[in-house]
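Here is how the chains run, residue by residue.
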There are 6 protein chains.
Amino acid sequence: MTGTPGAPPAAQPIRLAHLDAHSYRDWAATEHSTVILPAGAFEQHGPHLPLGTDALLSSAIAEAVGARTGAKVAEPLSYGYKSQQKSGGGNHLPGTVSLDAAALIAQARCIMAGFLRQGVRNLVVLNGHYENYQFLYEAADLALEEVRAGQGASHGAGPDPTVLLLSYWDYVSEDTLATVYPEGFPGWDIEHGGVLETSLMLHLRPELVDMDRAVSHPAAELPRFDRLPVVASRTPDTGCLSAPDGSTAERGRLLYEQVAADLAADLTAELGLPA
Amino acid sequence: MTGTPGAPPAAQPIRLAHLDAHSYRDWAATEHSTVILPAGAFEQHGPHLPLGTDALLSSAIAEAVGARTGAKVAEPLSYGYKSQQKSGGGNHLPGTVSLDAAALIAQARCIMAGFLRQGVRNLVVLNGHYENYQFLYEAADLALEEVRAGQGASHGAGPDPTVLLLSYWDYVSEDTLATVYPEGFPGWDIEHGGVLETSLMLHLRPELVDMDRAVSHPAAELPRFDRLPVVASRTPDTGCLSAPDGSTAERGRLLYEQVAADLAADLTAELGLPA
Amino acid sequence: MTGTPGAPPAAQPIRLAHLDAHSYRDWAATEHSTVILPAGAFEQHGPHLPLGTDALLSSAIAEAVGARTGAKVAEPLSYGYKSQQKSGGGNHLPGTVSLDAAALIAQARCIMAGFLRQGVRNLVVLNGHYENYQFLYEAADLALEEVRAGQGASHGAGPDPTVLLLSYWDYVSEDTLATVYPEGFPGWDIEHGGVLETSLMLHLRPELVDMDRAVSHPAAELPRFDRLPVVASRTPDTGCLSAPDGSTAERGRLLYEQVAADLAADLTAELGLPA
Amino acid sequence: MTGTPGAPPAAQPIRLAHLDAHSYRDWAATEHSTVILPAGAFEQHGPHLPLGTDALLSSAIAEAVGARTGAKVAEPLSYGYKSQQKSGGGNHLPGTVSLDAAALIAQARCIMAGFLRQGVRNLVVLNGHYENYQFLYEAADLALEEVRAGQGASHGAGPDPTVLLLSYWDYVSEDTLATVYPEGFPGWDIEHGGVLETSLMLHLRPELVDMDRAVSHPAAELPRFDRLPVVASRTPDTGCLSAPDGSTAERGRLLYEQVAADLAADLTAELGLPA
Amino acid sequence: MTGTPGAPPAAQPIRLAHLDAHSYRDWAATEHSTVILPAGAFEQHGPHLPLGTDALLSSAIAEAVGARTGAKVAEPLSYGYKSQQKSGGGNHLPGTVSLDAAALIAQARCIMAGFLRQGVRNLVVLNGHYENYQFLYEAADLALEEVRAGQGASHGAGPDPTVLLLSYWDYVSEDTLATVYPEGFPGWDIEHGGVLETSLMLHLRPELVDMDRAVSHPAAELPRFDRLPVVASRTPDTGCLSAPDGSTAERGRLLYEQVAADLAADLTAELGLPA
Amino acid sequence: MTGTPGAPPAAQPIRLAHLDAHSYRDWAATEHSTVILPAGAFEQHGPHLPLGTDALLSSAIAEAVGARTGAKVAEPLSYGYKSQQKSGGGNHLPGTVSLDAAALIAQARCIMAGFLRQGVRNLVVLNGHYENYQFLYEAADLALEEVRAGQGASHGAGPDPTVLLLSYWDYVSEDTLATVYPEGFPGWDIEHGGVLETSLMLHLRPELVDMDRAVSHPAAELPRFDRLPVVASRTPDTGCLSAPDGSTAERGRLLYEQVAADLAADLTAELGLPA
């Protein structure tokens, strides 16, 4: 798997789960070792997309960034925070299995602290589920505090490691948006099961998309507040907040390539990675 | 992906993450809907096996059981409880990134409660990392309590769902052991990076195993107590507690087929699944 | 204080902390009893605004909504979630004293569950600190679950109470934005210590604003990721993410009146309050 | 608000929430910077006193102490621990909205640690709700431990800051008691909605007291144990444990002045504040 | 041990830990089954008393009450909340090993809920360590809430069980005080290692007391506040807050007999136990 | 009790709860100070053994080891983790009162950290309840981390203390097994209320055993999985997983002496105690 000594580093897998521990040890000790932790969800995405869409997409983009930067990709957070009606249709819908805040924070905190304790220089959390963001932020803050507190006694006191946290859609450019949504972009919050996710999946995992089951309907019109318990009728019957009309693999390819390139460039600049 | 109505059920993916939400909803409502949740770890397994071995193996066995029983497989718990020296070499070793007890319990509890609330009839937790077991038990107990408490008010009061918890190696038969370990079985606790895991990986994911890096050494001799902090020298340099000498894909195939068959038979009988 | 029997209800204070318990009991039992819980923070807002700005503003808007709808206003959450650099300058800045996620969720959960258990029909959480939102959502979800679980046994089983959660700036209209920001709106995230908050404070609490200390500087240019630990130099020296240039009490009055009116109208419609 | 440079310090507000961040920063760095954190409750106090009585009183006394010592007053803990029947009538009474132990400890711990991390030299927690005390003690202990653990790595290692914790009634002198309760003092535990609190409120916030609604009744006779669930009939119908008969603004003034003076003197001596 | 059927009930042990499970089951189902849970601490009590004093005393008094009422005694909470300087000398002193609030609450909650779920009618928590009280109260409140929430679904819905919580010294009568402290009672808070505890131990466990090591010194004079970190010099060198001068086994016997009798009478009346 | 200076150390009690604080302080400061913390449960053990069996046995063995090594014995953990059907018959059985994972971990963590902070050199956790083990491991790991984090600031930085964790039955030798179970050893997991525990109790606490109530029945045949909720009929009516047939005080004596001797020897070697 990991090749014989002397083999080019490209032979190493990008996914850390596929790397052996001794190769990992050597790699983690290098100056620019960077781990990308994709975060997703297990959440309904309508009748045409699979339940694992968010983790599949964030993992795929993470791997593309890894290929461009030398970063490696950790196993994704496959379960995410509760789906909210305004961004995901609602946690009451069949197929959605979520973590509460405490569980998500605890899990992400342990994983982040684990990598940071082992000398990894940079950790990039690449989020693919809207509702996760703030809880991942808390986890990162607690993990850094925990690692610093532990360093006083038993760990070497190197420079503070760096954590970056981002959602991949914040890297979609205006140009790309104009191409993907020729009739105008409806907003990220209702991009649930819509053109972005469907196009990306058509490009990356077409065997998991069934456009025959896709349903055309107007975008959901949701209030400015969150209401609990939800008024279920505000979510379209499909569970999608906007319809996937106009999704194509080609648009998915454009999204994927542009985001991966810009994200890789941003990380390279921010973290001082070798170009 | 999920086929047109009337298509044979075999067309449906076994992994829930690949299923769409509407198909999931219909399936979950069936009389015998059974979800298998594989549990693994992100843990060093020596120089010849990948870090993700435990989750890869428990997932693969879960899929084999699913193919035999109609159960579906949830996304695995990819990170597990801290590696203990007596069963995994120790949590201090590079490559091992673990959850603490609270994080593992919270994560598993939310996921289990999520499936049980949606009407899934049976949940089988299939463990592949020795140290996880008791924490998964606690999670199952808390999840059932939580689901019951919630049912009084807002949920329908159907029959209690069932949770089964097991480690796959408890299904290895005496006959299989005799074949795989012709010179005598050393015990499950030091089966870390040894013949069982290596053979299974050689059968299931040979591209992730590098037998050229495997090292032969005597099995670790560990005391009857756990000591913290660990005396690092008690773990062999490879990180394996016993050497993979004698591992073959054929032995892996035997282990895999026998365990999957017996486990499927046991679940079928216990849960009253259609034969 | 609360007047003699027969006195007009207008005599009752809008702030619950100023109401006596017996009057509260009678009011809470009415058909449309609605509590507004303002959420703020204790956070630096530059050299010209006070540390308590967020709670002062959310409380003032809550009282204005209460005056229009008959809702009453609970004591605010005076401390909020950690200030993030991209929306508040960063938690490292002097004057900022924050709650972590667990503390904020626990506090808000107890308070919400407390009101809901006492028969209050509607609870509106009115947020005034960007970073709070997701944690307040989690608190609301847990509080409703807790109240429902408890109702099975010892509490009467009336209809489920309703919780609404919103941030007040989501009610600023396009027209108001155009008036307040004649040169273009920079975005809510960097509206920290800027024109919106400063104008509102000049209208509502002018004695707590010192425009002589206000500093003009370009808006912060922040990356698309959160970085931890923060690069402190990305926050302007003032601690404001955009300068308060152009803030006036008149613009504050416009913001205040328009938001209160639209928010009151929205709540009245959503909750079926008497017009 | 905060005045121009050179203006006398008396111009600075005593309440930290009214201070700007830059003035706060300069003040916190001074040798004797002392923050008083008032703790109250949101709790029924009978038909004649408002629900916010405890926080109103502890805040008012804190401000009086601040005026005498140069200490500044943080935003109060407006919600407190569950009302116990023996000291507050019981948590079941309408109007009482409480925190559980975990929420109160977490909230107070974060706030205390926040001030201590910023270099404030002394933190005085001034309690006004009987049931809070032990939980505030735990919060203080945990906050100090947390701040110390964090100091090893990333914070400067100055002298340990000091936390004082007290309930204001412990500063009522024998002389004052004799004047306020000419017929004998009934004990602090049943001083709930009685002469002390009513007199203080008549002095400090007369517009929030309605003596026309005050009811005369014998003091509650409560057992030596706490019983749960409470026997509701042991609490007088008013919710007060003793009647406010004999309350006057003049007695309130005496209590207020004497307590503030003695408390200020005690803090000055203990903390070495400038006289 | 448990005797043959027909044997008089006096043959049953008072300590539940000495009872077999089948006898327990039959006893718990009786109409007045009452469990007493003693709470203590592991805490320094000066040079003349053992570290386990608090649990030894509360257990002994519990057994005396059991002998008078038919109640049975559970295994004590042998570790208690952190020793506070004003009531126990301080948690920094050698020999004191304490639980934090979360641990004490969690432990006591589980134990209380466990007995209540099994149909025990009354649970009496008999406290012997001053600092424990509020945390035991929280545990009792949470345990009752948990048991009620669980009853909706899977448990029978009998009448609510009753929990009483008390500290044994609240049952020392005025007469006893006058006899034990002929020169005046110094107050319960500084009764740490003093006449009460020493006399009781001399009566109950004389082999564990070494009066030759007892030291005479003035009672500690402690401020009205708690200070953290403690000023260690405020605690006398012995660790006792008042000296054991005048302690005798006879005074211990008086205390023990009077408290047990009055407590038994109070419980009998309150719980409707057979006289 | 503790004798006069110069008295032989044998005069000191082995149980720490019986030692005074000053003697403890001196002892803890010695080079080899070792505390044994016994862990048990409050759990049904059939009709012939008392509920406290597990703590009684682990405490007795701890004292025997202490007598041989100079270690001292802390108060036991009298309540343990939930009884599992496969090792204890199930948590649903009358008489069993258990801690959940969080409570057990929190309690054990505080106690361990308490001893370690006070300079005790070695802490040995001696487990007597199968289900406790992993939770005690987590507690030990967290306690060490906590003590290390705290040492950076306020504690002296001596060598790391050592924690050992073990279950006493892992020290039963093959020879002893052959003698105690002449017809073959059935396995530790179903040794619940069986020959091992009954024999030990007959040797150590015969007055608490009633062999007249012992019932002969075949050993339980339990599946390879844990099922929740349990199928109650899988546990024999007695609550024992194997019958106590063949238990004798003599076998108990053999078990006790052999285990204590081997355990003492192992600790002496591992911890470098004086022989």
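An unreviewed UniProt entry lists chain A under the name Creatininase, from Citricoccus zhacaiensis. According to the UniProt record, the Cofactor (unreviewed entry) comment for chain A is "Zn(2+)". The record in UniProt for chain A states the following under Sequence similarities (unreviewed entry): "Belongs to the creatininase superfamily."

Regarding the relation of the copies chain B and chain A
The two chain copies are connected by a rotation around an axis plus a translation along it. With an axial shift of 0.0 Å and an RMSD of 0.0 Å, the rotation relating chain B to chain A amounts to 180°. Put plainly, the chains are arranged around a two-fold axis. For chain B, the residue whose C-alpha comes nearest the rotation axis is A103(B), separated from it by 3.0 Å. A symmetric contact is evident, with 100% of the interface residues of chain B recurring at the interface of chain A.

Details of the arrangement of the chains
At their nearest point, the C-alpha atoms of chain B and chain D are still 16 Å apart, with no contact between the two. One thing to see here is that chain C and chain F don't touch, and their nearest C-alpha atoms sit 16 Å from each other.

Some thoughts on the sheet that holds strand β5 (residues 226-228) of chain B
One open sheet accounts for five strands, arranged β5(B)-β4(F)-β3(F)-β1(F)-β2(F); its pairing is mixed. Strands with a single pairing partner mark the edges of an open sheet, and in this sheet they are β5 of chain B together with β2 (72-73) of chain F. Here six bridges tie strand β1 (residues 34-39) of chain F to strand β3 (residues 122-127) of chain F, and the two strands are oriented parallel to one another. Paired with A39(F) across the strands is N127(F), a residue of β3(F). Across the sheet, helix α5 (residues 133-151) of chain F lies against β5 of chain B together with β1, β3 and β4 (162-167) of chain F, angled at about 180° from β4(F), the strand it touches most. Docked against the sheet, helix α8 (residues 249-271) of chain F engages β5 of chain B together with β1, β3 and β4 of chain F, running at close to 155° with respect to β4(F).

With respect to the packing of helix α4 (residues 101-117) of chain D against helix α5 (residues 133-151) of chain D
All names here are of chain D. Two elements in contact, α4 and α5, have axes whose closest approach is 8 Å; the angle formed by their N-to-C orientations is 45°. On the basis of their axis angle, the class for α4 and α5 is oblique. Remark: the crossing between α4 and α5 carries right-handed chirality. Residue-level contacts link A101, L104, I105, A108, R109, M112, A113, L116 and R117 of α4 to F135, L136, E138, A139, A140, L142, A143, L144, E146 and V147 of α5.

Quick notes on the rules
Residues numbered from 1 in each chain as written. Chains lettered and ligands numbered in written order. Predicted model: local features only at pLDDT ≥ 70, side-chain atom pairs only at ≥ 80, totals over all residues. Heavy atoms only, no water. UniProt positions renumbered as here; feature names shortened; annotations may be inferred. Least-squares fit on C-alpha atoms with pLDDT ≥ 70 in both. Contact = heavy atoms within 4.5 Å. Pairing = 2+ DSSP bridges. Helix = DSSP H or I, 4+ residues; strand = E, 2+ residues; numbered from the N terminus. Axes fitted to C-alpha atoms, helices over the stretch in contact; angles between N-to-C directions. Parallel < 35°, antiparallel > 145°, perpendicular 65-115°, else oblique. Left-handed = near helix turned anticlockwise from the far one by under 90°.

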